[in-house]
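Now for the letters of each chain:
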Amino acid sequence: GRRGLIRMDYTTLVDGATLQQHLDDPAWCVVDLRHQLADTGYGERAYAAAHIRGAIFLHLDRDLSGPMTGTNGRHPLPDPERLKARLGAVGIGNDTQVVVYDDAQGMIAGRLWWLLRWLGHTRVAFLDGGFPLWQAEGRPVDTVLPSRAPTQFSGSPDPRMLVDAATLLASLESPELCLIDARGPDRFRGENETIDPVGGHIPGARNRFFKDNLEADGRFKPAALLRAEYLALMAGAAPAQVVAQCGSGVSACLDLLAMEIAGLHGARLYAGSWSEWCSDPARPVAR
């Protein structure tokens, strides 16, 4: 068997061939995160129809987000204790190699990648190419609901990975801040805003559409290319000065994943993002 082999930890990406070799490995857990903002039941229906063999399903709204108050954005961060309990209940422990996927070019799956890292769990990787490539390559799917033994998941959130609205507002004029908005270019400009009540972006933000991290086949661009593109965007800023945001703190995690792949460590997330920012008319808006 595999005894005596050095354990490989996957902390950014894993490809389909590697994941397929580990589908029966109890130390690995695959998580299906398919979701559509306009149809929040889509993911469960898609999962029931076919999912990667052995994958469990977690829901963006119920499992990976906390309650909305009207002023804390559309996908507030979940309560850490509740999230840890949920992870343990579905069989994810502190030694588990987690692999996340969706069918939306990483827009949703990146959120769990980030949340696990926030809790101190770095053994989490994004399935490069997602479900579409997995299917295109003819890899195993089924409709079976897997049963994983519940376990304990412990950890504590790292406050250094986050920036809140007040801190961001206070540092908008600072040359130390490099704010990167992961939304599409039209929404960044304030056009075609169908999701949030206000169009525009946070003053000073630079646009890096999360899909621009990927090749045409849905896989991530090579690390060296990502590094060159981010360094150009950062224009001299250090990775630790970068704050990523998007509409609600979900797709921004894919920019953070891209930076991690590029070897640019220490960027933070503004989890409330545009949906929280624009809920207070006192906060400035750029168009």
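For the structure itself, look to the data block above.
Along every chain, residues carry numbers that run from 1 in the direction the sequence is written. Per-residue local features are limited, in this predicted model, to residues with pLDDT of at least 70; the limit for side-chain atom pairs, both in listing and counting, is 80 or more; totals at the level of whole chains, interfaces and linings are taken over all residues. Only heavy atoms go into the side-chain values, all of them from the structure, while hydrogens and water stay out.

Peer 1: Hey, could you run me through the pattern of salt bridges in this one?
Peer 2: As a working rule, side chains carrying opposite charge can pair if their charged atoms are close by. Whenever a carboxyl oxygen of Asp or Glu lies within 4 Å of a side-chain nitrogen of Lys or Arg, that contact is scored as a salt bridge. Throughout the structure, instances matching the rule amount to 21 salt bridges. Notably, a salt bridge pairs glutamate 44 with arginine 62, separated by 2.7 Å at the nearest N-O pair. Placement of glutamate 44 in helix 2 (residues 42-49) and of arginine 62 in helix 3 (residues 60-63) is noted, with a sequence separation of 18 residues between them. Summary of the burial criterion: residues with accessible area below 20% of their type's maximum are buried, those above 50% are exposed, and those between are partly exposed, where the area comes from a 1.4 Å probe applied to protein chains only. Accessibility expressed as a relative area gives 31% for glutamate 44, which makes it partly exposed. With a closest N to O distance of 2.8 Å, arginine 183 and aspartate 181 form a salt bridge. This pair shows no difference in class: arginine 183 is buried, exactly as aspartate 181 is. Several salt bridges converge on common partners, so that one network encompasses Arg74, Asp181, Arg183, Arg187, Glu193 and Asp196. Only DSSP runs of H or I covering at least 4 residues are called helices, and only runs of E covering at least 2 are called strands; the numbering of each starts at the N terminus.

Peer 1: It is not clear to me how the sheet that holds strand 5 (residues 97-101) should be interpreted in this structure. Could you clarify?
Peer 2: Neighbouring strands of a sheet are bound in pairs by backbone hydrogen bonds; such pairs are parallel or else antiparallel. Strands are labelled as partners when DSSP assigns at least two bridges between them. Here we have five strands laid out as an open sheet, ordered 1-6-5-2-4, and parallel in their pairing. Because the sheet does not close on itself, it has two edges, and the strands there are strand 1 (13-14) and strand 4 (56-57). Pairing geometry for strand 1 and strand 6 (residues 124-127), over two bridges, is parallel. What sits directly across from leucine 13, in strand 6, is phenylalanine 126.

Peer 1: I would appreciate a short explanation of the packing of helix 9 (residues 223-234) against helix 10 (residues 252-261) in the present structure.
Peer 2: Packed helices, taken two at a time, are described by their axes: the angle between them and the distance between them. Remark: helix 9 packs on helix 10, axes separated minimally by 8 Å, with the N-to-C direction vectors making an angle of 115°. Comparing their axes, helix 10 and helix 9 come out roughly perpendicular. Crossing hand, helix 9 versus helix 10: left-handed. Counted together, Ala223, Leu226, Tyr230 and Met234 of helix 9 and Asp255, Ala258, Met259 and Ile261 of helix 10 form the full contact between these two elements. Gly is placed with the polar residues, together with every amino acid not listed as nonpolar (Ala, Val, Leu, Ile, Met, Phe, Trp, Tyr, Cys and Pro) or charged (Asp, Glu, Lys and Arg). In terms of residue class, the contact of helix 9 with helix 10 is made up of seven nonpolar, no polar and one charged. Lines fitted to the C-alpha atoms define the axes, with helices restricted to the stretch that makes contact. Angles between their N-to-C directions range from 0 to 180 degrees. If an angle is under 35 degrees, it is roughly parallel; if it is over 145, roughly antiparallel; if it lies from 65 to 115, roughly perpendicular; otherwise it is oblique. Definitions for this section: a left-handed crossing has its near helix turned counterclockwise from the far helix by less than a right angle. A right-handed crossing has that turn clockwise. Contacts are residue-level and defined by heavy atoms, with any inter-residue pair within 4.5 Å sufficient.

Peer 1: It is not clear to me how the packing of aromatic side chains should be interpreted in this structure. Could you clarify?
Peer 2: Each aromatic ring pair is specified by the distance between its two centres and by the angle formed by the two planes. For Phe, Tyr and Trp, rings pair up if their centres lie within 6.5 Å, where Trp contributes its six-membered ring, and each pair is then called stacked (planes under 30 degrees apart), edge-to-face (over 60) or tilted (otherwise). Overall, the coordinates contain seven aromatic pairs when judged by the stated rule. Between phenylalanine 126 and phenylalanine 220, the aromatic rings sit 5.7 Å apart at their centres with planes inclined by 90°, giving edge-to-face as the arrangement. Residue phenylalanine 126 is found in strand 6, and its partner phenylalanine 220 is found in the loop between strand 9 (206-207) and helix 9; the two are separated by 94 residues along the sequence. Taking 6.3 Å as the distance between ring centres and 80° as the angle between the ring planes, the aromatic pair formed by tyrosine 270 and tryptophan 277 counts as edge-to-face. Given the relative accessible area of 0%, tyrosine 270 is considered buried. One cation-aromatic arrangement involves arginine 34 over phenylalanine 131; the distance from NZ or CZ to the ring centre is 4.2 Å. Cation placement over rings: the criterion is NZ of Lys or CZ of Arg within 6 Å of the ring centroid and within 35° of the ring normal.

Peer 1: Mind showing me how you'd approach unusual backbone geometry here?
Peer 2: Glycine aside, the phi torsion of most residues is negative, and most peptide linkages are trans. We note that glutamine 105 has phi near 60°; this positive angle belongs to a residue other than glycine. Residue classification places glutamine 105 among the partly exposed residues on the basis of a relative accessible area of 35%. With phi around 55°, asparagine 192 is a residue other than glycine that occupies positive phi space. Within the secondary structure, asparagine 192 is located in the loop between helix 8 (185-189) and strand 9.

Peer 1: Which parts of the structure should I look at to understand the pairing of strand 2 (residues 28-32)?
Peer 2: The side chains of a regular strand alternate between both faces of the sheet. Where burial is concerned, most of strand 2 is hidden: five out of the five residues are buried. The side-chain alternation of strand 2 yields two buried faces, one formed by Trp28, Val30 and Asp32 and the other by Cys29 and Val31. As judged from the five bridges shared by strand 2 and strand 5, these two strands associate in the parallel manner. Looking at the pairing, cysteine 29 lines up with valine 98 of strand 5.

Peer 1: Honestly, helix 5 (residues 109-118) in this entry has me stumped. Any pointers?
Peer 2: Turn by turn, an α-helix covers 3.6 residues, leaving residues three or four places apart pointing in a common direction. Burial within helix 5 is extensive, with 10 of its 10 residues counted as buried. The set of residues buried in helix 5 consists of Ala109, Gly110, Arg111, Leu112, Trp113, Trp114, Leu115, Leu116, Arg117 and Trp118. Within two residues after helix 5, glycine 120 carries a phi angle of roughly 95°, on the positive side.

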